[in-house]
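Below, each chain spelled out in residue letters.
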Amino acid sequence: MTDETPICSAKGCRAAAVWVLAWNNPKIHTPERRKTWLACEEHREHLAQFLGVRGFLKDVVLLSQWQASEGA
Ligand SMILES: [Zn+2]
């Protein structure tokens, strides 16, 4: 049973996540590895920017799409 609502990864935020930010740190992860952060509508840009400036960000997808592709 995994019916709990995914929550935004931003510090202190308790909003329901809408987006999945897939990222990879080439220094510690193999290239195909994907770490994920969850983001609400408000924090998507902030978190994407944080990862983007470090060159870690790989993909930003809707949580519903991410879950659909994970389940496939
Ligand atoms: Zn948030």
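Structure's up top.
In this report, we go over the structure that sits alongside the text.

What counts, and where the lines are drawn
- Residues numbered from 1 in each chain as written.
- Predicted model: local features only at pLDDT ≥ 70, side-chain atom pairs only at ≥ 80, totals over all residues.
- Helix = DSSP H or I, 4+ residues; strand = E, 2+ residues; numbered from the N terminus.
- Rg over C-alpha atoms; globule rule 2.2 N^0.38 Å.
- Buried ≥ 20, exposed ≤ 12 C-beta atoms within 10 Å, placed from the backbone.
- Contact = placed C-beta atoms within 7 Å.
- Pairing = 2+ DSSP bridges.
- Axes fitted to C-alpha atoms, helices over the stretch in contact; angles between N-to-C directions.
- Core = buried A, V, L, I, M, F, W, Y, C linked by C-beta atoms within 7 Å.

### What to know about the overall build of the protein chain
Next, step 1: Each helix and strand in the protein chain was counted, giving 2 helices and 3 strands.
Next, step 2: Listed by position from the N terminus, the elements making up the protein chain come as β-β-α-β-α.
Next, step 3: Its C-alpha atoms give the protein chain a radius of gyration of 12 Å, within 12% of the compact-globule value 11 Å for 72 residues.
Next, step 4: If you line up the protein chain on its principal axes, its C-alpha atoms span 35 × 30 × 15 Å.
Next, step 5: Looking at the 72 residues of the protein chain, the share that counts as buried comes to 19%.
Next, step 6: Excluding contacts between residues fewer than 6 apart, the proportion of contacts in the protein chain whose partners are at least 24 apart in sequence is 57%.

### Quick word on the pairing of strand S1 (residues 19-23)
Next, step 1: Of all 5 residues making up S1, 4 are buried, and the element is well covered by its neighbours.
Next, step 2: In the sheet, S1 pairs with strand S2 (residues 35-39) via 5 bridges, with the strands oriented antiparallel. Along S2, the bridge assignment pairs Trp-23 with Lys-35.

### Regarding the sheet that holds S1
Next, step 1: What the 3 strands build is an open sheet, ordered S2-S1-S3; its pairing is antiparallel. For this open sheet the edge positions go to S2 and strand S3 (57-62), each flanked by a neighbour on one side alone. Averaged over all adjacent pairs, the angle separating strand axes in this sheet is 20°, with direction ignored.
Next, step 2: Note that S1 and S3 share 5 bridges and pair antiparallel.

### What to know about the nonpolar core
Next, step 1: Grouped together as the largest cluster of nonpolar side chains are 12 residues: Cys-8, Ala-17, Trp-19, Val-20, Leu-21, Trp-23, Trp-37, Leu-38, Ala-39, Cys-40, Leu-47 and Trp-66.
Next, step 2: Elements that contribute at least two residues to this core include exactly S1 and S2.
Next, step 3: In terms of residue count, S1 provides more of this core than any other element does, 4 residues in total.
Next, step 4: Leave out the neighbours within four places in its chain, and Ala-39 touches Cys-8, Ser-9, Ala-10, Ala-17, Val-18, Trp-19, Leu-21, Arg-44 and Leu-47.

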